[in-house]
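Chains, contacts and geometry: an overview
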Amino acid sequence: MTEKLYISLYVIALLLLGFATMATGETYGEAINVVLPGWEIFVLMLVYLLTYVAAYQIYRVTYYRLPGIKQIPKMQMNQKKIHTFYFICLVVSMAGTVFFQVGRLGAQVTTRFSFLFSILKFSEFFPLYYVAARNKKTKLYWVNIAFFCVLRTAQGWMGWVLTVAVLELYFRIKDGGWIARIFYKCKSQLMAVAAILAGGVMYWLLIPLREAIRYGGKMEYYTITFWESMRRLVERLNNFPVYTSAWQNAETIAAFYHKQSILLAEFKSMFAPVVPSFLMPNKDIRVLGNLVQQAMWPTLENGTSTGFGFLMYWYTLLKCDLADFMVCAITFIIGSIVTCAILKAFDNKDHDMRILWFIYLVSVAGGSSLSQLFGYGYLAALYLVVIMLLCGVIKYKV
């Protein structure tokens, strides 16, 4: 039920943006100067929609049937240690943010040893912790959830809102009660509309705080109307405007790609978030998600990126460089299998990790780059997993 609601959010956002673009001729979100006929916009929207349908169907058959990982070792969290250990990780990460600006969006890190803080990868590990270590009776578990939300907000990020909402909803529906009864009686699409309205309220309240943290100044400087918050939320849920821009500007994006003169640039960008600077000194690689934006905003600096649809991402990469496309395609397949293996390693008898696999597939459908999927994904969390194994926080069972 949660899966249908979750993907309905993205589908509804796609349809709203697609039909609004055809009806008004305007571009939304980050996209500008997109001039495409209505029939082409419709075809692009339909292809994007089919990508979501494919993601849902793949989810239904892959989680239990992925080849080669049926018999994988199990990782069991020590319930007496995991909550205290993760709390310590959050405290250390908060110290890194407060004193050295580590992890804070748009800030300049002020220490050469930032990798010692970054190696904890508390954010990448959070979904695993939320699901595998869940214990409603343990107060420290809920303290850690709240601490994580505060820390990510202090760093200028708000993506935790949707993550926490979806994961908590998954468990509430699974456990039964009045929330489950409401969802079973209502259509998932209707609940998705209600969720978007509720999200609009959250955005309306949190946007001023986020912008004040990111850019400084008082919160009232960034106050927006409720309808503006609804528009921003829909644009945040789906990147269809950027998707259309990538289709129109494919040649320009390829030109920017070749201007970098970096062999296998997209492939190498995957390692930038996980390899320390003293081992990878040149991390100034523009990923495709940044080049798509640069095609619209030529003076845009590096450091920001966006997804733009699974098929468009790979089509654009193929236009840029065949060798990079092939290496990235192989890496994507292997990385996805390993990601599923990690989730299955932490899974329980109820197979609760399947919700994280579904979220991953929806992210793939949205066109997340290799650096987003793996550099900031569960593969990056292996640093922390190894530390936990050495500390006895996680037990390895064959």
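The following paragraphs examine the structure supplied in this document. Please read these numbers as outputs of a predicted model, since none were measured by experiment.

Comments concerning the overall build of the chain
If you tally the helices and strands in the chain, you get 19 helices and 2 strands. A compact globule built from 398 residues would reach a C-alpha radius of gyration of about 21 Å, and the chain, at 21 Å, matches this within 12%. Structurally, the chain occupies a C-alpha span of about 60 × 55 × 50 Å along its principal axes. The buried share among the 398 residues of the chain stands at 50%. The contacts of the chain with a sequence gap of at least 6 include a subset with a gap of at least 24, amounting to 76%. Working note: accessible area of the chain is about 19600 Å², and carbon and sulfur atoms make up 66% of it. One way to put it: in the chain the 36 positive side-chain charges average out to a point 13 Å from where the 20 negative ones average out.

Quick notes on the pattern of salt bridges
Per the stated rule, a full pass over the model turns up 9 salt bridges. A salt bridge links Glu-168 to Arg-134, with the nearest nitrogen and oxygen atoms 3.0 Å apart. Here Glu-168, found in helix H7 (residues 160-175), pairs with Arg-134, found in the loop between helix H5 (122-132) and helix H6 (139-154); they are 34 residues apart in sequence, far enough to count as distant. Each member of the pair, Glu-168 together with Arg-134, is buried.

Quick word on the pairing of strand S1 (residues 74-77)
Here S1 shows one buried face, formed by Met-75 and Met-77, and one open face, formed by Lys-74 and Gln-76. Note: S1 against strand S2 (residues 394-397), 4 bridges, orientation antiparallel. When the bridges of S2 are listed, Gln-76 appears paired with Lys-395.

What about helix H1 (residues 2-24)?
Helix length check: H1 (23 residues) gives 33 Å between terminal C-alpha atoms against 33 Å at 1.5 Å per residue, within 8%. The positive-phi residue at the C-terminal boundary of H1 is Gly-25, with phi of around 75°.

What to know about a nonpolar patch on the surface
Nonpolar side chains collect at one region of the surface, where Phe-19, Trp-39, Phe-42, Val-43, Leu-46, Leu-50 and Val-53 lie side by side and expose about 690 Å² of accessible area between them. Here Val-53 shows up in helix H2 (residues 38-62).

Remarks on the environment of Ala-345
Topologically, Ala-345 is positioned in helix H16 (residues 322-345). On the accessibility criterion, Ala-345 (9% relative accessible area) is buried. C-alpha separation for the pair Ala-345 and Ser-229, spaced 116 residues apart in sequence, amounts to 39 Å. Leaving out residues up to four positions away in the same chain, Ala-345 has contacts with Ile-72, Pro-73, Lys-74 and Met-75.

Cut-offs applied
Residues numbered from 1 in each chain as written. Predicted model: local features only at pLDDT ≥ 70, side-chain atom pairs only at ≥ 80, totals over all residues. Heavy atoms only, no water. Helix = DSSP H or I, 4+ residues; strand = E, 2+ residues; numbered from the N terminus. Rg over C-alpha atoms; globule rule 2.2 N^0.38 Å. Buried < 20%, exposed > 50% of the residue type's maximum accessible area, 1.4 Å probe, protein only. Contact = heavy atoms within 4.5 Å. Areas by Shrake-Rupley, 256 points an atom, 1.4 Å probe, with all protein chains shown as cover. Lys, Arg positive; Asp, Glu negative; His and termini not counted. Charge placed at Lys NZ, Arg CZ, Asp CG, Glu CD. Salt bridge = Lys/Arg side-chain N within 4 Å of Asp/Glu carboxyl O. Pairing = 2+ DSSP bridges. Expected span 1.5 Å × (residues − 1). Patch = residues over 30% accessible without salt bridge, like charges linked within 9 Å, V, L, I, M, F, W, Y side chains within 5 Å.

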